[in-house]
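Descriptive structure summary
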Amino acid sequence: MLKINQIYHKDCLDFLSQVKDGSVDLAVIDPPYNMHKADWDTFTSEKSFFEFTFRWIDALIPKLKSNGSLYIFNTPYNSAFILSYLTAKGLFFQNWITWDKRDGLGGAKRKYSNGQETILFFTKDGNHIFNYDDIRLPYESIERIAHAKTKGILKAGKRWFPNPKGRLCGEVWHIASERHKNKINGKTPKMPHVTPKPLELVERIIKASSNEGDLVLDCFVGSGTTALAARKLRRDFICSDNNKHYVELATMKLENFDKNN
Ligand SMILES: C[S@@+](CC[C@H](N)C(=O)[O-])C[C@H]1O[C@@H](n2cnc3c(N)ncnc32)[C@H](O)[C@@H]1O
């Protein structure tokens, strides 16, 4: 069996076969999308892409604890098939999260421009944890909230006062992509990984769906975002990627974090 708090250089199926069944509290999975962004994201056909996707999903499900949670990133189109597959496997659908990534809005002339990705949130049963208080966001209607803080707002015969920690988090997430954040004069310089996820976004998932000391798994860890977020939030992690260069990059990021904290 594999050691925790390690990033392994392994293919996802080989890695998953070595993870103990029923040991994972939370899986954060950002797999290939078949968008041809790199060799690892290029499949010969849609059929072969979904065969690959369903194979790692089958290998992953037994690794989750009975009250574990699973988040899977993908395009909205691919997510529709993945949702249907997970539902057929008996997992519990919780949310279709739309990530408005403030990016990618170029080019389309015969349809609307793509600017979103999907994050499917499933759980193994209905007894999962969900720390909604830990991911509250600032209220948007500042004036109304300022008024409500002192006098409250009458709702169904009761006075409602805003929560000092902010509003509940909805299922549309407005978080700029790393590509967008790194743009200089509208152009993104070459980044160490082609498709890194924002740390803030992965931290939100980990805060909501795990507690300190829980085990977080990512079998497509890339530049190491999940491992870093887990370390920051004092969760254990077990991660892998089949690209040696990315494993070195992710390991270096963790070492730098440890040195400075
Ligand atoms: C979308 S990226 C993950 C990015 C990551 N979330 C981050 O923030 O940097 C997908 C990753 O899957 C890896 N990958 C692709 N096919 C794989 C396979 N069969 N087994 C393991 N890793 C694979 C790629 O090397 C790539 O780093």
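Here the residue numbering is sequential within each chain, running from 1 through the sequence in written order. Two thresholds apply to this predicted model, a pLDDT of at least 70 for residue-level local features and 80 or more for giving and counting side-chain atom pairs, whereas whole-chain, interface and lining totals are computed over all residues. Calculated side-chain values reflect all of the structure's heavy atoms, with hydrogen atoms and water omitted.

**A look at the pattern of salt bridges**
- Salt bridge, as used here, is a side-chain nitrogen of Lys or Arg placed within 4 Å of a carboxyl oxygen of Asp or Glu. In this structure the tally under the stated criterion is 17 salt bridges.
- Asp25 serves as the salt-bridge partner of Lys65, at 3.0 Å between the closest nitrogen and oxygen. Of this pair, Lys65 sits in strand E3 (residues 64-74) while Asp25 sits in strand E2 (residues 24-29), and the two are 40 residues apart along the sequence.
- Buried residues are those whose accessible area, probed at 1.4 Å on protein chains only, stays under 20% of the maximum for their type, while exposed residues exceed 50% and partly exposed ones sit between those limits. Residue classification places Lys65 among the partly exposed residues on the basis of a relative accessible area of 28%.
- Across the pair Asp58 and Lys89 runs a salt bridge whose closest N-O atoms are separated by 3.3 Å. With Asp58 in helix H2 (residues 46-60) and Lys89 in the loop between helix H3 (76-88) and strand E4 (92-100), this pair connects stretches of sequence that are 31 residues apart.
- You can call Asp58 partly exposed: its relative accessible area is 33%.
- Looking at Lys89, the relative accessible area reads 41%, which means it is partly exposed.
- Sharing partners across several salt bridges, the network here consists of Asp30, Lys101, Glu117 and Lys197. Put simply, DSSP H or I for four residues or longer makes a helix, DSSP E for two residues or longer makes a strand, and each gets a number counted from the N terminus.

**Observations concerning the environment of Pro76**
- Here Pro76 is to be found in helix H3.
- With a relative accessible area of 29%, Pro76 lands in the partly exposed category.
- Sequence-wise, Pro76 and Ser23 are 53 residues apart; in three dimensions their C-alpha atoms are separated by 29 Å.
- Residue contacts follow a heavy-atom distance rule, with two residues in contact if any of their heavy atoms lie within 4.5 Å. Leaving out residues up to four positions away in the same chain, Pro76 has contacts with Trp96, Gln116 and Thr118.

**Description of the domain arrangement of the protein chain**
- Each assigned domain of the protein chain is listed with its residue range as follows: domain 1 (6-129 + 171-260) and domain 2 (134-168).
- Relative to domain 2, the C-alpha centre of domain 1 lies at a distance of 33 Å. Segmentation into domains, and thus their bounds, comes from an automatic or database assignment.

**So, the packing of helix H7 (residues 225-232) against helix H8 (residues 244-260)**
- At a minimum axis separation of 9 Å, H7 and H8 run at an interaxial angle of 20°. Between H7 and H8, the interaxial angle falls into the category roughly parallel. Remark: the crossing between H7 and H8 carries right-handed chirality. For the pair H7 and H8, contact is made by Ala227, Leu228, Arg231 and Lys232 and by Lys253, Leu254, Phe257 and Asp258, respectively.
- Considered class by class, the residues forming the contact of H7 with H8 number four nonpolar, no polar and four charged. Here an axis means a line fitted to C-alpha atoms, over the contact stretch when the element is a helix, while the angle between two N-to-C directions is reported on a 0 to 180 degree scale. Comment on the angle field: the value is read as roughly parallel under 35 degrees, roughly antiparallel over 145, roughly perpendicular from 65 to 115, and oblique elsewhere. Crossing handedness: left-handed means the near helix sits turned counterclockwise from the far one by under a right angle, and right-handed means the same turn made clockwise. Residues were grouped as follows: Ala, Val, Leu, Ile, Met, Phe, Trp, Tyr, Cys and Pro as nonpolar; Asp, Glu, Lys and Arg as charged; and all remaining residues, including Gly, as polar.

**Some details on the packing of helix H6 (residues 199-209) against H7**
- The contact between H6 and H7 brings their axes to 9 Å, and the two run at 55°. Comparing their axes, H7 and H6 come out oblique. For the crossing formed where H6 meets H7, the hand is right-handed. Between H6 and H7, the residues in contact are Leu199, Val202, Glu203 and Ile206 and Thr225, Thr226, Leu228, Ala229, Ala230 and Lys232, respectively.
- Its residues assigned to classes, the contact of H6 with H7 shows six nonpolar, two polar and two charged.

**Examining the site of the ligand**
- Surveying the vicinity of the ligand reveals 22 residues, the closest of which are Cys12, Asp30, Ser223, Thr225 and Asp241.
- Any N or O atom pair separated by 3.5 Å or less is treated as a polar contact, with the protein-specific requirement of one donor-capable and one acceptor-capable atom, and with residues adjacent in sequence counted only for side-chain atom pairs. The contact in question runs from a nitrogen atom of the ligand to an N or O atom on the backbone of Cys12, over 2.8 Å.
- Within the contact set of the ligand, an oxygen atom lies 2.7 Å away from a side-chain nitrogen or oxygen of Asp241.
- Note on areas: Shrake-Rupley, 1.4 Å probe, and residue coverage restricted to the protein chains presented here. Here the ligand has 610 Å² of accessible area as a free molecule, and 96% of this is covered by the chains.
- Grouping the constituent residues of the shell around the ligand by class yields 10 nonpolar, seven polar and five charged. The cutoff for a nearby residue is simple: one of its non-hydrogen atoms must lie within 4 Å of the molecule or strand.

**Here's the deal with the nonpolar core**
- Only buried Ala, Val, Leu, Ile, Met, Phe, Trp, Tyr and Cys residues count toward a nonpolar core, and they belong to the same one when joined by side-chain atoms within 4.5 Å. Of all hydrophobic cores here, the largest spans 32 residues; its most connected members are Phe15, Ile29, Trp56, Ile57, Leu70, Leu86 and Leu217.
- For this core, the secondary-structure elements that each account for two or more residues are helix H1 (12-17), E2, H2, E3, H3, strand E5 (116-123) and strand E9 (215-218).
- Apart from residues no more than four positions distant in its own chain, Ile57 is found in contact with Ile72, Ile82, Tyr85 and Leu86.
- Val28, Ile206, Leu233 and Cys239 belong to the second-largest nonpolar core, a separate cluster that totals 31 residues.

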